[in-house]
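Descriptive structure summary
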Amino acid sequence: MTAFIRLENVSKAFGPLTVVKDLNLEIEKGEFVSMLGPSGSGKTTLLMMLGGFERPTSGAVWVNGKRIDALPPYRRNMGVVFQNYALFPHMTVGENVAFPLKMRKVARAKIAEQVSRALDMVQLGSFAARKPSQLSGGQQQRVALARSLVFQPEIVLMDEPLGALDKKLREQMQLDIRELHRRLGLTIVFVTHDQTEALTMSDRIAVFNHGKIEHIGTPAEIYDRPRTRFVAEFIGETNMLAGQVESVAGDTAQVRLASGQQVRVAASAGLRPKADICFSIRPERLRVGSGDGAQNELDTTVTDIVYHGDHLQLLLRAGDQQLLAKADRSGKIPEAGAPLAVSFSASDCWIVA
Amino acid sequence: MQPGTLRSRAVVLALMAPLLLFLLFFFAVPLFTMMKSAVSDPVASQALPQTAAAIRGWDKAGPPSPEITAAFVADIRNIEDDELFGDLVRRLNSAKAGFRTLMAKTRTAARETDGAVDLVSVDARWGDVAFWQAVASAAASPITDRNLLAALDLKRDAAGRIEVIPPERSANRATFMRTFWVSAVVTLACVLIGLPFAMVAASVQGWKRQLLLGAVLLPLWTSLLVRTAAWFILLQDNGPINSALMWLGVTESPIPMIFNRVGVIIAMTHVLLPFMVLPIFSVLIGIPKNLMPAAASLGAHPIRAFWRVLLPLSMRGVVSGSLLVFMTAIGYYITPELIGGAKDQMISSVIAYYAMGAANWGMAGALGLILLLATIILYTVYIRFSSEEEVRR
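Residues numbered from 1 in each chain as written. Chains lettered and ligands numbered in written order. Predicted model: local features only at pLDDT ≥ 70, side-chain atom pairs only at ≥ 80, totals over all residues. Heavy atoms only, no water.

1. Topic: the overall build of chain A
In terms of helices and strands, chain A carries eight helices and 20 strands. With the principal axes as the frame, chain A shows a C-alpha extent of 75 × 45 × 35 Å. Here chain A holds 353 residues, and the buried ones make up 49% of them. Approximately 16500 Å² of chain A is accessible, and the part contributed by carbon and sulfur atoms is 49%. Of the charged side chains in chain A, 42 are positive and 38 negative, and the gap between their average positions amounts to 8 Å. (Helix = DSSP H or I, 4+ residues; strand = E, 2+ residues; numbered from the N terminus. Buried < 20%, exposed > 50% of the residue type's maximum accessible area, 1.4 Å probe, protein only. Areas by Shrake-Rupley, 256 points an atom, 1.4 Å probe, with all protein chains shown as cover. Lys, Arg positive; Asp, Glu negative; His and termini not counted. Charge placed at Lys NZ, Arg CZ, Asp CG, Glu CD.)

Right under this line is the structure:
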């Protein structure tokens with residue numbers, strides 16, 4: 001059984017510039033997949049190809065067993081939520097939401113009923129007669145959402161839909177969209193450059209870089225076991241340490257850091273002595289204070305302390321290595337310039353390619 | 001008020017003063033003078049003050065009373081200034097032919113004696129009530145609606161009722177209608193050419209857009225005479241357009257395109273096209289780029305998306321462009337004058353004739369006033385329309 005949405009060796013070039021390179025991706029029905037990556041990494045272009053606004057230079061796009069890459073957008077029956085909402089300014093909210101139904105020649109009485117149901121779904125039932133310009137950003141966003149869902153598409157594409165909203169509203173909308181996804185059983189492809197958004201909302205995240213998917217997996221996989229250094233650094237904050245493998249014993253490896261210190265890290269398969277490696281350790285996994293012998297320990301100097309409300313961010317230096325650590329505010333607060341020992345366990349280290 | 005704001009206001013006023021003075025002396029004052037000349041008629045009431053007072057009580061039907069004739073003779077006798085007398089004669093003669101000889105005779109008779117003069121025995125025409133009616137209406141008031149009525153092919157009959165001047169004697173209405181008709185056709189042609197053109201220009205980028213906009217702006221940068229000369233060459237019977245049409249077999253013999261309506265419309269459309277393209281273009285580039293993709297994603301075929309989304313949104317530009325073109329077109333003078341035939345003259349030519357040819361400032365002012373009124377009404381409609389649009393948006 002093949003996947004609901006399948007992209008097969010899809011490439012897209014604009015003139016000499018190849019934006020998407022030989023990309024393969026499968027999305028199951030009902031899945032919420034985020035496309036995450038820096039701007040220009042090809043994630044939006046891929047979404048535009050799914051929506052039919054761009055045609056792949058090569059490769060094929062399949063939905064539900066049908067090849068659709070030659071199908072124009074108006075025959076794809078996918079809901080699309082655009083950046084900046086793309087509401088029609090000359091129509092009322094109700095007319096905007098009714099638009100896809102009118103295009104599908106739905107009977108007038110039925111249109112009215114479905115429009116009011118869709119607006120109720122996004123808590124805007126009483127706003128049907130207003131113009132989009134009379135609504136706030138968050139309300140406009142919800143109208144756009146209602147409009148893209150009113151004709152009951154199975155697939156909804158979202159292109160950075162929350163980018164223009166402020167933080168609080170964005171978080172509320174994230175929860176709302178996730179709720180709608182679950183309730184309506186939608187298949188959602190969601191483009192974002194905000195990694196927190198991707199982590200909170202998605203079933204799976206595809207991390208894009210230079211037109212390719214560097215890593216696709218569940219948020220936990222992406223965060224805890226990033227496949228590449230790019231992914232590790234793009235998702236969340238991390239410390240990258242370089243070193244040389246001294247020896248491998250079982251599932252731990254002895255690594256000599258550039259500073260000369262020796263640490264134990266969780267070994268990846270096929271790791272050999274003398275190999276130069278990079279491993280990542282998340283700031284929240286660095287503990288202030290000496291370890292209990294079983295753990296690695298690094299002697300560092302505090303260079304700066306940044307207040308973050310719920311925690312403190314410590315900027316540390318060990319030789320030439322910059323490190324980030326999070327410190328609980330309940331413990332003893334170190335001083336800038338003072339020496340500080342940090343400890344971490346081997347299992348929290350993740351060797352990246 | 002704080003001294004700072006007072007000073008900044010003074011600075012603003014000082015900066016605006018050159019423009020305000022310019023507008024006052026070269027726009028407001030001449031405009032006002034023109035409009036005033038359309039309705040002012042001071043000569044008779046000035047030259048015949050006693051008559052003006054006496055004739056007010058006259059019923060305008062029976063013969064004038066002895067007081068009126070006595071006042072009239074006294075007034076005539078009192079006119080020392082020959083120029084004023086000349087103006088009076090011209091004024092009265094324009095209302096009724098025959099005053100020129102009549103007034104000269106009467107003045108001579110009035111000056112021969114200091115006593116009463118029997119006007120009917122001086123000239124039998126004074127027995128004709130029509131001449132007295134002309135005097136009465138001329139002396140009655142320093143302002144007149146004569147020019148304004150004449151501008152609309154109307155006049156007052158002897159009893160003061162408004163009546164229509166037969167078309168063979170005055171063609172102002174026909175000329176106004178022709179002006180509005182030609183302007184409407186030009187406006188429509190500009191919409192039909194300008195809307196698709198602006199859409200293409202707004203959809204491309206970079207040098208292509210510059211080229212398209214440059215092409216449409218070119219007529220504004222070209223001298224009027226060069227442009228007109230170019231149309232002479234292009235539109236004449238053996239010019240390139242007719243040659244091309246005949247070569248293509250569209251027509252057997254050349255289509256007359258110059259010195260007629262067709263030529264006027266072609267040339268005016270060409271000149272006024274920028275006023276249509278630019279407003280539409282500026283509206284179009286303000287339309288968010290993702291509306292058409294959004295319409296497509298919602299199931300709209302490109303043609304339906306155009307009708308339901310792009311066209312309604314560009315209507316604001318079309319309306320303002322149309323008003324701009326129409327209002328400019330109704331005042332057009334040179335192009336119809338040079339490229340049009342004798343039957344294609346627009347109202348501006350008539351105004352120019354009265355102002356420069358006939359030295360009849362009253363008529364020129366009245367026609368100008370009617371034209372200005374039409375423009376103001378259109379403009380008010382436009383403001384209404386666009387402000388309503390603003391509220392609805």
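2. A word on the packing of helix H14 (residues 261-286) of chain B against helix H16 (residues 302-330) of chain B
Residues and elements named next belong to chain B. Interhelical geometry of H14 versus H16 gives an angle of 145° and a closest axis separation of 8 Å. Of the two elements, H14 crosses H16, and the hand of that crossing is right-handed. A per-class count over the contact of H14 with H16 returns 14 nonpolar, six polar and one charged. (Axes fitted to C-alpha atoms, helices over the stretch in contact; angles between N-to-C directions. Left-handed = near helix turned anticlockwise from the far one by under 90°. Nonpolar A, V, L, I, M, F, W, Y, C, P; charged D, E, K, R; others polar.)

3. Notes on the environment of Gly57(B)
Residues and elements named next belong to chain B. Positionally, glycine 57 belongs in the loop between helix H3 (49-55) and helix H4 (66-78). A residue is classified by how much of its surface remains accessible, and glycine 57, at 71% relative accessible area, is exposed. On a C-alpha basis, the gap between glycine 57 and isoleucine 68 in space is 9.3 Å, while along the polypeptide they are eleven residues apart.

4. Remarks on the domain arrangement of chain A
All names here are of chain A. One can read the domain layout of chain A as domain 1 (5-230) and domain 2 (237-351). Placing the centre of domain 1 and that of domain 2 at their C-alpha centroids yields a distance of 39 Å. Contacts between the two partners involve six residues from domain 1 and, on the opposite side, five residues from domain 2. Interface area, domain 1 with domain 2, both sides summed: about 620 Å², of which 51% is carbon and sulfur. Summed over the shared surface of domain 1 and domain 2, the result is zero salt bridges. Applying the counting criterion to the domain 1 and domain 2 interface returns three residue pairs in polar contact (both at pLDDT 80 or more). Looking at which element gives the most residues to the side of domain 1 that touches domain 2, the answer is helix H7 (residues 219-224), with three residues. (Domains from an automatic or database assignment. Contact = heavy atoms within 4.5 Å. Buried area = accessible area lost by both parts, 1.4 Å probe. Salt bridge = Lys/Arg side-chain N within 4 Å of Asp/Glu carboxyl O. Polar contact = N/O pair within 3.5 Å; in protein donor to acceptor, adjacent residues only side chain to side chain.)

5. A short note on the packing of helix H2 (residues 93-103) of chain A against helix H4 (residues 137-149) of chain A
All names here are of chain A. Where H2 contacts H4, the axes come no closer than 7 Å and their chain directions differ by 25°. With respect to each other, H2 and H4 are oriented roughly parallel. Considering the relative orientation of H2 and H4, their crossing is right-handed. Between H2 and H4, the contacting residues are Val93, Asn96, Val97 and Pro100 on the first element and Val143, Ala146 and Arg147 on the second. Of the residues assigned to the contact of H2 with H4, the class counts are five nonpolar, one polar and one charged. (Parallel < 35°, antiparallel > 145°, perpendicular 65-115°, else oblique.)

6. Description of the sheet that holds strand S4 (residues 58-63) of chain A
All names here are of chain A. Strand order in this open sheet of four strands is S2-S1-S4-S5, and the pairing throughout is antiparallel. Each of the sheet's edge strands pairs with one partner strand only, and the pair in question is strand S2 (17-27) and strand S5 (66-67). Those strands touched by helix H1 (residues 43-51) are strand S1 (5-14), S2 and S4, and its axis lies near 115° from that of S1. (Pairing = 2+ DSSP bridges.)

7. Looking at helix H10 (residues 172-203) of chain B
When the terminal C-alpha atoms of H10(B) are compared, their 45 Å separation across 32 residues agrees well with the 46 Å that a helix rising 1.5 Å per residue should span. Where H10(B) bends most, at Gly194(B), the angle is about 30°, and the proline Pro196(B) comes one to four residues later. (Expected span 1.5 Å × (residues − 1). Bend = angle between axes of the 7 residues up to and from the residue.)

8. Some points on the interface of chain A and chain B
On the chain B side, the residues contacting the 23 residues of chain A number 19 residues. Regarding the contact of chain A and chain B, the summed buried area is about 2000 Å², with carbon and sulfur atoms giving 66% of it. When the buried surface of chain A facing chain B is broken down by residue, Tyr74(A), His90(A) and Met103(A) rank first, second and third, together holding 32% of it. Viewed at the interface, chain B and chain A are joined by zero salt bridges.

9. Some points on the pattern of salt bridges
Residues and elements named next belong to chain A. Counted according to the given criterion, the structure contains 20 salt bridges over all chains. Its salt-bridge partner being glutamate 154, residue lysine 29 comes within 2.9 Å of it at the nearest N-O pair. Of this pair, lysine 29 sits in the loop between S2 and strand S3 (32-36) while glutamate 154 is found in the loop between H4 and strand S7 (155-159), placing the two residues 125 residues apart along the sequence. Its relative accessible area of 40% is what places glutamate 154 among the partly exposed residues. For glutamate 246, the salt bridge identified is with arginine 256, shortest N-O distance 3.3 Å. Residue glutamate 246 is located in strand S11 (residues 239-249), and its partner arginine 256 is located in strand S12 (residues 252-257); the two are separated by ten residues in the primary sequence. In this structure arginine 256 comes out as partly exposed when scored by relative accessible area, which is 36%. Members of the salt-bridge network, linked through shared partners, are Arg170, Asp194 and Glu197.

10. Some words on the domain arrangement of chain B
With domains assigned, chain B is organised as domain 1 (43-143) and domain 2 (172-392). Computed over C-alpha atoms, the centres of domain 1 of chain B and domain 2 of chain B are 53 Å apart.

11. Digging into the packing of aromatic side chains
For the coordinates displayed, the defined rule picks out 15 aromatic pairs over all chains. Here Phe230(A) and Phe234(A) contribute two aromatic rings whose centre-to-centre distance is 5.5 Å and whose plane-to-plane angle is 15°, an arrangement assigned as stacked. Residue Phe230(A) and its partner Phe234(A) are located together in helix H8 (residues 229-234), separated by four residues, close to a single helical turn. By relative accessible area, Phe230(A) is classed as partly exposed at 22%. On the accessibility criterion, Phe234(A) (22% relative accessible area) is partly exposed. Plain terms: the ring middles of Phe180(B) and Phe326(B) are 6.2 Å apart, the flat faces sit at 10° to each other, and that makes the pair stacked. In this pair, Phe180(B) sits in helix H10 while Phe326(B) sits in helix H16, placing the two residues 146 residues apart along the sequence. Residue Phe326(B) is classed as buried on the basis of its relative accessible area, which comes to 15%. Feature note: the residues Phe72(B), Phe99(B), Trp126(B), Phe131(B) and Trp132(B) constitute an aromatic cluster, connected by ring pairs. (Phe/Tyr/Trp six-rings, centres within 6.5 Å; stacked < 30°, edge-to-face > 60°.)

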